[in-house]
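# Topology and contacts: notes
Residues per chain are reported as follows:
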Amino acid sequence: MASWCVRAVRQSYSVLASPALKRAPPRLLCTATQQKNGPGSVEEAEKTEQSTADKVLTEEKGQLEEMTDKYKRALADTENLRTRSQRMVEDAKLYGIQSFCKDLLEVADILEKATESVPKEEVTSQNPHLKNLYDGLVMTEVQIQKVFTKHGLVKINPEGQKFNPYEHEALFQAPVEGKEPGTVAVVTKVGYKLHGRTLRPALVGVAKAS
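In the annotation of an unreviewed UniProt entry, the entry for the chain reads GrpE protein homolog, and the organism field reads Ameca splendens. According to the UniProt record, the Function (unreviewed entry) comment for the chain is "Essential component of the PAM complex, a complex required for the translocation of transit peptide-containing proteins from the inner membrane into the mitochondrial matrix in an ATP-dependent manner. Seems to control the nucleotide-dependent binding of mitochondrial HSP70 to substrate proteins." Its UniProt record gives the chain the following Subcellular location (unreviewed entry) comment, quoted word for word: "Mitochondrion matrix".

What follows is about the overall build of the chain. Along the chain, the regular secondary structure elements total five helices and six strands. Listing the helices and strands of the chain from first to last along the sequence gives α-α-α-α-α-β-β-β-β-β-β. The buried share among the 210 residues of the chain stands at 18%. Within the chain, contacts between residues at least 6 apart in sequence are counted, and of these 63% link residues at least 24 apart. For the chain, the computed accessible surface area is about 16300 Å², with 57% contributed by carbon and sulfur atoms.

On the surface, E43, E44, E46 and E49 cluster together into a negatively charged patch. Here E46 shows up in helix 3 (residues 39-95).

For H195, which is not a glycine, the phi torsion comes out positive at approximately 50°. On the secondary structure map, H195 appears in the loop between strand 4 (191-194) and strand 5 (197-200). Given the relative accessible area of 35%, H195 is considered partly exposed.

Next up on the list: the nonpolar core. One finds C101, L105, F148, L153, Y192, L194 and L199 to be the most contacted residues of the largest nonpolar core, which totals 13 residues. Within the residue set of this core, elements represented by two or more residues are helix 4 (98-117), helix 5 (128-150) and strand 4. In terms of residue count, helix 4 provides more of this core than any other element does, four residues in total. Counting residues in each nonpolar core, the second largest holds five residues, with I156, V184, A202 and V204 among its members.

Glancing now at the sheet that holds strand 1 (residues 153-156). The strand order across the open sheet formed by three strands is 1-4-5, and the pairing between neighbours is antiparallel. What marks the edges here is a single partner per strand, and that holds for strand 1 and strand 5. Between one strand axis and the next, the sheet turns by 35° as a mean value, whatever way the strands run. For strand 1 and strand 4, the ladder comprises four bridges, and the chain directions are antiparallel.

Within a sheet, neighbouring strands are paired by backbone hydrogen bonds and run either parallel or antiparallel to one another. Read from one edge of the open sheet, three strands run 2-6-3, paired in mixed fashion. Each edge of the open sheet carries a strand with a single partner, namely strand 2 (168-174) and strand 3 (184-189). Ignoring strand direction, the axes of neighbouring strands in this sheet form an average angle of 30°. As paired elements, strand 2 and strand 6 (residues 202-207) share six bridges and run parallel to each other. Within strand 6, the position partnered with A170 by the bridge is V204.

Conventions and cut-offs
Residues numbered from 1 in each chain as written. Predicted model: local features only at pLDDT ≥ 70, side-chain atom pairs only at ≥ 80, totals over all residues. Heavy atoms only, no water. UniProt positions renumbered as here; feature names shortened; annotations may be inferred. Helix = DSSP H or I, 4+ residues; strand = E, 2+ residues; numbered from the N terminus. Buried < 20%, exposed > 50% of the residue type's maximum accessible area, 1.4 Å probe, protein only. Contact = heavy atoms within 4.5 Å. Areas by Shrake-Rupley, 256 points an atom, 1.4 Å probe, with all protein chains shown as cover. Patch = residues over 30% accessible without salt bridge, like charges linked within 9 Å, V, L, I, M, F, W, Y side chains within 5 Å. Salt bridge = Lys/Arg side-chain N within 4 Å of Asp/Glu carboxyl O. Lys, Arg positive; Asp, Glu negative; His and termini not counted. Charge placed at Lys NZ, Arg CZ, Asp CG, Glu CD. Core = buried A, V, L, I, M, F, W, Y, C linked by side-chain atoms within 4.5 Å. Pairing = 2+ DSSP bridges. Axes fitted to C-alpha atoms, helices over the stretch in contact; angles between N-to-C directions.

Structure (structure tokens):
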């Protein structure tokens with residue numbers, strides 16, 4: 001009886017260990033499925049997978065280009081803002097004294113009129129008080145013009161020059177002998193420029209054809 005049981009166990013083990021009952025590897029199963037479905041199904045699957053990958057890459061490329069464009073625009077805006085800010089700072093340094101200069105121009109005008117009003121024939125050593133006063137006015141006027149020049153303030157005296165509407169203000173027009181039409185014949189009040197920018201236009205009379 002015992003020997004019969006042993007033989008039965010051995011036969012069962014042999015059946016279980018048979019290669020026919022072993023599970024086929026995934027590769028063999030996949031191959032079998034492909035053979036069953038045919039080569040067309042494999043190609044379609046590969047094409048579908050490739051199309052999906054291309055679509056994803058195209059979307060990512062578009063997003064990257066959009067982000068790059070936004071980044072470049074942001075850089076350009078930042079550079080423009082920096083340039084404008086720098087220009088504003090430079091203009092503030094150059095023209096920050098504009099109002100102060102305008103007030104000083106009135107003082108310069110008064111000095112100029114004072115020196116012009118003194119009769120030159122009376123300025124002699126025989127009249128020392130008037131001579132000293134006149135010399136003091138002239139030296140003050142010269143000094144104030146030096147200070148103006150140091151700070152970029154330049155006088156505009158355009159007599160005989162072509163009329164320039166950006167630097168001159170015409171008070172009248174009249175025929176003047178010996179003056180070409182369109183030129184400045186008379187300067188009633190000199191003008192000034194601050195660092196190349198007209199601070200006060202010169203008040204002039206312009207010659208015209210008779």
